[in-house]
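# Commentary on secondary and tertiary structure
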Amino acid sequence: MANLPPTHSGGPSSGAPSAPTPAAEDENIPTAEQLVLDLCNPELREKTLSLLSKHRDKFQQDIGPLLWHSFGTMAALLLAQSNRVCNALALLQCVASHPDTRMPFIKAGIPVYLYPFLNTTYKTRQYEFLRLTSLGVIGALVKVDDQDVIAYLLSTEIIPLCLRTMELGSDISKTVATFIVQKMILDDSGLKYICTTCERFFALSNVLAQMLEALVEQPSPRLLKHIIRCYLRLTDNPSACHALRTQLPSVLRDGTFNYFLEKDPPTRLWLYQMLHNIAMANSGGGGPHTGPSRVMGM
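Predicted model, so just to flag it, every value in this text is computed and none were measured.

## Some details on the overall build of the protein chain
When its secondary structure is counted, the protein chain shows 18 helices and zero strands. Looking at the protein chain as a whole, 46% of its 298 residues qualify as buried. Carbon together with sulfur atoms contributes 53% to the accessible area of the protein chain, which is approximately 15300 Å² in total.

This is the structure:
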């Protein structure tokens with residue numbers, strides 16, 4: 001939401017005019033329907049994008065379907081340029097989040113329009129903001145644990161793009177990208193995708209290890225949580241669990257992050273479970289699963 005001006009409390013006899021209250025300012029905001037119509041007017045588009053982006057929480061229940069079903073609106077969002085792009089991405093996130101428009105959004109292939117922002121290696125503030133807002137749209141899609149969503153994203157090579165962000169992005173971009181990968185591999189098709197080839201498995205495990213190394217110097221408990229959850233999920237695959245006997249970074253075994261884990265019992269339990277699974281693989285127990293491995297050829 002936009003920062004609203006504070007009210008000035010003059011006494012009853014002061015005669016000083018009061019600034020608009022938040023409620024009064026809200027009354028001056030056009031309806032969602034009017035704002036969506038204004039998007040198709042090139043002269044009003046930039047201001048309208050800003051208003052819709054800032055006040056999208058106010059229209060949360062209606063804005064996704066309204067944007068999707070209004071003639072010409074999605075095209076206007078995809079044509080947004082310059083500083084309008086991030087506002088347009090924020091509105092695309094509303095469409096991606098809504099249960100009535102999520103699958104049409106995917107079937108229309110809209111997410112791939114965001115991938116160039118994830119594919120860039122530039123680290124300037126402007127590109128980082130585009131990267132982060134694009135990740136926000138993908139994050140909204142994976143949040144719902146929908147197998148059709150995961151299947152679509154896997155077909156578009158989103159995981160390599162997330163891995164690039166996990167290598168090059170800011171702390172918050174790395175956190176969102178790792179969350180997306182976590183949600184995808186929690187689905188069986190996502191885990192199978194990662195563990196089908198050695199190249200995919202090592203691409204993920206190497207990036208996770210690099211991020212852990214960086215966290216030793218610049219800790220981020222939230223990012224650490226997602227990294228540990230990814231490692232735990234990998235131990236659900238017998239071959240990946242076996243590989244982690246030698247691939248797991250020592251900082252997850254030697255108590256480096258104990259200070260942060262003491263404040264986060266669920267993540268601490270995930271770490272203990274992961275280490276237990278790997279220990280079972282070391283002892284010939286095969287991790288959480290028994291029987292011969294049929295993937296990765298490890």
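The structure having been displayed, the exposition proceeds.
## Quick notes on the nonpolar core
Counting 85 residues, the largest nonpolar core has Phe105, Ile158, Tyr231 and Leu234 as its most contacted members. A per-element tally of this core places helix α6 (residues 84-97) first, with nine residues.

## Examining unusual backbone geometry
Located in the positive-phi region is Asp145, a residue other than glycine, with phi close to 55°. For Asp145, the position within the fold is in the loop between α9 (125-142) and α10 (147-155). Phi at Glu157 takes a positive value of approximately 60°, unusual for a residue other than glycine. Take Glu157: it is sitting in the loop between α10 and α11 (158-168).

## Considerations on the packing of aromatic side chains
Counting across every chain of the model gives four aromatic pairs. The aromatic ring of Tyr193 is capped on one face by Arg200, whose charged end is 3.9 Å from the ring centroid. A cation over an aromatic ring shows up here: Arg229 above the ring of Trp270, its NZ or CZ 5.3 Å from the ring centre.

## Details of the packing of helix α16 (residues 238-247) against helix α18 (residues 265-282)
Following both chains from N to C, one finds α16 and α18 inclined at 95°, their axes separated by 9 Å at the closest point. It follows that α16 is roughly perpendicular to α18 by the angle criterion. For the pair formed by α16 and α18, the contact residues are Cys241, His242, Leu244 and Arg245 on the first element and Asn277, Ile278, Ala281 and Asn282 on the second. Considering only residue class, the contact of α16 with α18 consists of four nonpolar, three polar and one charged.

## Re the pattern of salt bridges
Scanning the model with the defined rule gives four salt bridges in all. Between Arg233 and Asp188 there is a salt bridge, and its shortest N-O distance comes to 2.9 Å. Here Arg233, found in helix α15 (residues 221-234), pairs with Asp188, found in helix α13 (residues 188-195); they are 45 residues apart in sequence, far enough to count as distant. Arg233 sits in the buried class, given a relative accessible area of 9%. You can call Asp188 exposed: its relative accessible area is 61%. Arg233 is the partner of Asp236 in a salt bridge, and the nearest nitrogen-oxygen pair spans 2.9 Å.

## Things to note about the packing of helix α3 (residues 45-54) against α6
Viewed as axis vectors pointing N to C, α3 and α6 meet at an angle of 45°, and their least axial separation amounts to 9 Å. On the basis of their axis angle, the class for α3 and α6 is oblique. For the pair α3 and α6, the sense of crossing is left-handed. Along its contact with α3, which presents Arg45, Glu46, Leu49, Ser50, Leu52 and Ser53, the element α6 presents Arg84, Asn87, Ala88, Ala90 and Leu91.

## Some thoughts on α11
All of the buried residues in α11 are Ile158, Ile159, Leu161, Cys162, Leu163, Thr165 and Met166. The inward-facing, buried residues of α11 contact α8 (115-119), α9, α10, α12 (171-186), α13 and α14 (198-217).

## Focus on α10
Residues Val149, Ile150, Tyr152, Leu153 and Leu154 constitute the buried set of α10. In this structure, the buried side of α10 is in contact with α7 (102-107), α8, α9, α11, α12 and α13. One side-chain oxygen of the residue at the start of α10 lies 2.8 Å from the amide nitrogen of Asp148, identifying that residue as Asp146. Just downstream of α10, Glu157 is the residue with a positive phi angle, here 60°.

## Describing the confidence of the model for the protein chain
Per-chain confidence: the protein chain averages 83 in pLDDT, with 83% of residues scoring 70 or above. Per-residue pLDDT stays below 50 along residues 1-25; that stretch engages in 14 contacts with residues further than four places along the chain or on separate chains. Low pLDDT, under 50, characterises residues 286-298; the stretch is placed with 32 contacts to residues that sit more than four places away or in other chains.

## Observations concerning the environment of Glu213
As for its placement among the helices and strands, Glu213 is situated in helix α14. Sequence-wise, Glu213 and Pro249 are 36 residues apart; in three dimensions their C-alpha atoms are separated by 8.4 Å.

## A closer look at the side chain of Thr267
Considering the arrangement of structural elements, one finds Thr267 in helix α18. On the accessibility criterion, Thr267 (1% relative accessible area) is buried. If sequence neighbours within four positions are ignored, Thr267 has contacts with Lys225, Ile228 and Leu261.

Conventions used here
Sequence order as written defines residue numbering, which begins from 1 separately in each chain. Reporting of local features is limited, given that this is a predicted model, to residues whose pLDDT is at least 70; pairs of side-chain atoms are given and counted only at 80 or more, and all residues count toward the totals for whole chains, interfaces and linings. The side-chain values count all of the structure's non-hydrogen atoms but skip hydrogen atoms and water molecules. Secondary structure elements are taken from DSSP: a helix is a run of H or I of four residues or more, a strand is a run of E of two residues or more, and numbering for both begins at the N terminus. Classification of residues uses two cut-offs on accessible area relative to the type maximum, computed with a 1.4 Å probe and protein chains only: under 20% is buried, over 50% is exposed, and between them is partly exposed. Here the accessible surface of atoms and residues is derived via Shrake-Rupley with a 1.4 Å probe, and residues count as covered only by protein chains that are part of the display. By convention a nonpolar core is built from buried Ala, Val, Leu, Ile, Met, Phe, Trp, Tyr and Cys residues, the set being connected through side-chain atoms within 4.5 Å. For Phe, Tyr and Trp, where Trp contributes only its six-membered ring, two rings pair if their centres lie within 6.5 Å, and the inter-plane angle classes them as stacked under 30 degrees, edge-to-face over 60, or tilted in between. Only when the NZ atom of a Lys or the CZ atom of an Arg is both within 6 Å of the ring centre and within 35 degrees of the ring normal do we say a charge sits over the ring. Here an axis means a line fitted to C-alpha atoms, over the contact stretch when the element is a helix, while the angle between two N-to-C directions is reported on a 0 to 180 degree scale. Orientation categories follow fixed angle ranges, with anything under 35 degrees roughly parallel, anything over 145 roughly antiparallel, 65 to 115 roughly perpendicular, and all other angles oblique. Note on contacts: a residue pair is in contact if any heavy atoms of the two residues lie within 4.5 Å. Note on residue categories: nonpolar means Ala, Val, Leu, Ile, Met, Phe, Trp, Tyr, Cys or Pro, charged means Asp, Glu, Lys or Arg, and polar means any other residue, Gly included. Here a salt bridge means any side-chain nitrogen of Lys or Arg lying within 4 Å of a carboxyl oxygen belonging to Asp or Glu. We call a crossing left-handed when the near helix sits turned anticlockwise from the far one by less than a right angle, and right-handed when that turn is clockwise. Any N or O atom pair separated by 3.5 Å or less is treated as a polar contact, with the protein-specific requirement of one donor-capable and one acceptor-capable atom, and with residues adjacent in sequence counted only for side-chain atom pairs. Residue-level confidence of the predictor, termed pLDDT, takes values from 0 up to 100.

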